[in-house]
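Given next are the chains, with one letter for each unit.
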Amino acid sequence: SMASPALLMRVVASAYSVAEKAATIVRNVMAAGDLGIVEKTGANDLQTRADRLVQMSICASLARKFPKVTIIGEEELTTDEVTEDLIEDGHCEEILKKTCPAQYSGIKEEELVIWVDPLDGTKEYTEGLLDHVTVLIGIAYGGKAIAGVINQPYYNYEAGDEAVLGRTIWGVLGIGAFGFQLTEAPAGKHIIVTTRSHSSALVNDCISALNPDSVIRVGGAGNKIIQLIEGKASAYVFASPGCKKWDTCAPEAILHAVGGKITDIHGNSFQYNKEVKHMNSAGVLATLRNYEYYASRIPSNVKQSLVP
């Protein structure tokens, strides 16, 4: 008889289906037309009905299947009764067929921490920049991001009615990442992707110092990592606090699974154990290739301004 798949693979396979359910909720809220926008700390920090419903759906669905896993979501929600229509019980068969890397095969539920961003790029969502939006489910073990799922609910949304809407990208360290075409940025070009709605003098000074050929400003950390792995940008640079653990956990796992690198502006790796502070207060530097080129050019005044 076949041994049952390792816990990690079951969690990732479930997270895949849970993320697809989340995408349906995101699209349904948008289609219904009432986004239910609430300002959290200000006009650039928004929460919509989609953020709330998706987080309830993801957290409740995964908690039901994996009750001892720690799940940390972005939104502070009251634990109202989650309605049954928000629960996703399925899993992706394809993922269960992959062999779990040996170093993760003995993981127990209580050793995993799942970081959830129900809707990354909320501001862009409210402004109709739908391709910026992602759903992020990151899986950490021993303080490290080891697996992740990124769903783009509106991938292909401008490709016409015949196109399949949305896609799910997933990855596990030691296996690789799937659901997209891995592409490197044009050789010798320095294309930087950075924040769209959280710019500052420091953010812009840091980018100028890197003397880029071009700068792409888009919303969402998930979206920025996708720019790297699809070769549209060569570095993701954000010299500012503001990014949180749920923004970086899933994207980090996927980037690392294909040989990329993400750190804070000082080169420190992010920690994802359940006691860790939520803020990535020393910014973000990420690349698919040539990390050292960018890391070595971050100005010292920028580093001094950002305390880990």
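This one's a predicted model, so the numbers in the text were calculated from it and none came from an experiment.

The rules behind these values
- Residues numbered from 1 in each chain as written.
- Predicted model: local features only at pLDDT ≥ 70, side-chain atom pairs only at ≥ 80, totals over all residues.
- Heavy atoms only, no water.
- Helix = DSSP H or I, 4+ residues; strand = E, 2+ residues; numbered from the N terminus.
- Rg over C-alpha atoms; globule rule 2.2 N^0.38 Å.
- Buried < 20%, exposed > 50% of the residue type's maximum accessible area, 1.4 Å probe, protein only.
- Contact = heavy atoms within 4.5 Å.
- UniProt positions renumbered as here; feature names shortened; annotations may be inferred.
- 1 Å grid on protein atoms, 1.4 Å probe; cavity = no way out; pocket = protein on both sides within 12 Å on 5 of 7 lines; lining within 4 Å.
- Pairing = 2+ DSSP bridges.
- Axes fitted to C-alpha atoms, helices over the stretch in contact; angles between N-to-C directions.

We now examine the overall build of the protein chain. From N to C terminus, the protein chain includes nine helices and 13 strands. Compactness check: the protein chain gives a C-alpha radius of gyration of 18 Å against a globular reference of 19 Å for 308 residues, within 12% of the reference. Projected onto its principal axes, the C-alpha positions of the protein chain cover 55 × 45 × 40 Å. Within the protein chain, buried positions represent 55% of all 308 residues. Pairs at least 24 apart in sequence give 71% of the contacts found in the protein chain among residues at least 6 apart.

Taken from the UniProt record, the annotation "binding site: Mg(2+)" (unreviewed entry) applies to Glu74, Asp117, Leu119, Asp120 and Asp247. Considering the C-alpha atoms alone, the annotated residues occupy 174 residues of sequence yet fold into one spot, their largest mutual distance being 9.7 Å. Looking only at the residues we just named, the largest pocket is lined by Glu74, Asp117, Leu119, Asp120 and Asp247. Take aspartate 117: its relative accessible area is 1%, and that puts it in the buried class. Sequence-distant contacts of aspartate 117, defined by excluding residues within four places in its chain, comprise Glu74, Thr134, Val135, Leu136, Trp246 and Asp247.

Structural remark: α-helix, 3.6 residues per turn; residues separated by three or four positions point the same way. With nine of its nine residues buried, helix α6 (residues 221-229) lies for the most part within the structure. After α6 finishes, the residue glycine 231 shows a positive phi value of roughly 75°.

Turning our attention to the sheet that holds strand β10 (residues 214-217). Taken in spatial order, the five strands of this open sheet run β10-β9-β11-β13-β12, and their pairing is mixed. In the strand order of this sheet, the two ends are held by β10 and β12 (261-263), each with one partner. Within the sheet, the average angular offset between the axes of one strand and its neighbour, ignoring direction, is 20°. Bridging between strand β9 (residues 191-194) and strand β11 (residues 235-238) involves two bridges; their strand directions are parallel. Directly across from valine 193, in β11, lies its bridge partner tyrosine 236. Relative to β9, helix α5 (residues 201-209) is tilted by about 170°, and along the sheet it contacts β9, β10 and β11.

Take the sheet that holds strand β3 (residues 70-73) next. Taken in spatial order, the six strands line up as β3-β4-β5-β6-β7-β8 in an open sheet, and their pairing is mixed. The open sheet is flanked by β3 and β8 (176-178), the only strands paired with a single partner. The mean inter-strand angle of the sheet, taken between neighbouring strand axes irrespective of direction, is 15°. One ladder, built from six bridges, connects strand β6 (residues 144-152) with strand β7 (residues 167-172); its direction is antiparallel. Paired with glycine 148 across the bridge in β7 is glycine 171. Packing of helix α1 (residues 7-32) onto the sheet brings it into contact with β4 (112-120), β5 (134-141), β6 and β7, and relative to β6 it is tilted by some 30°. The strands touched by helix α2 (residues 49-65) are β3, β4 and β5; relative to β4, the strand with the most contacts, the crossing angle is about 155°.

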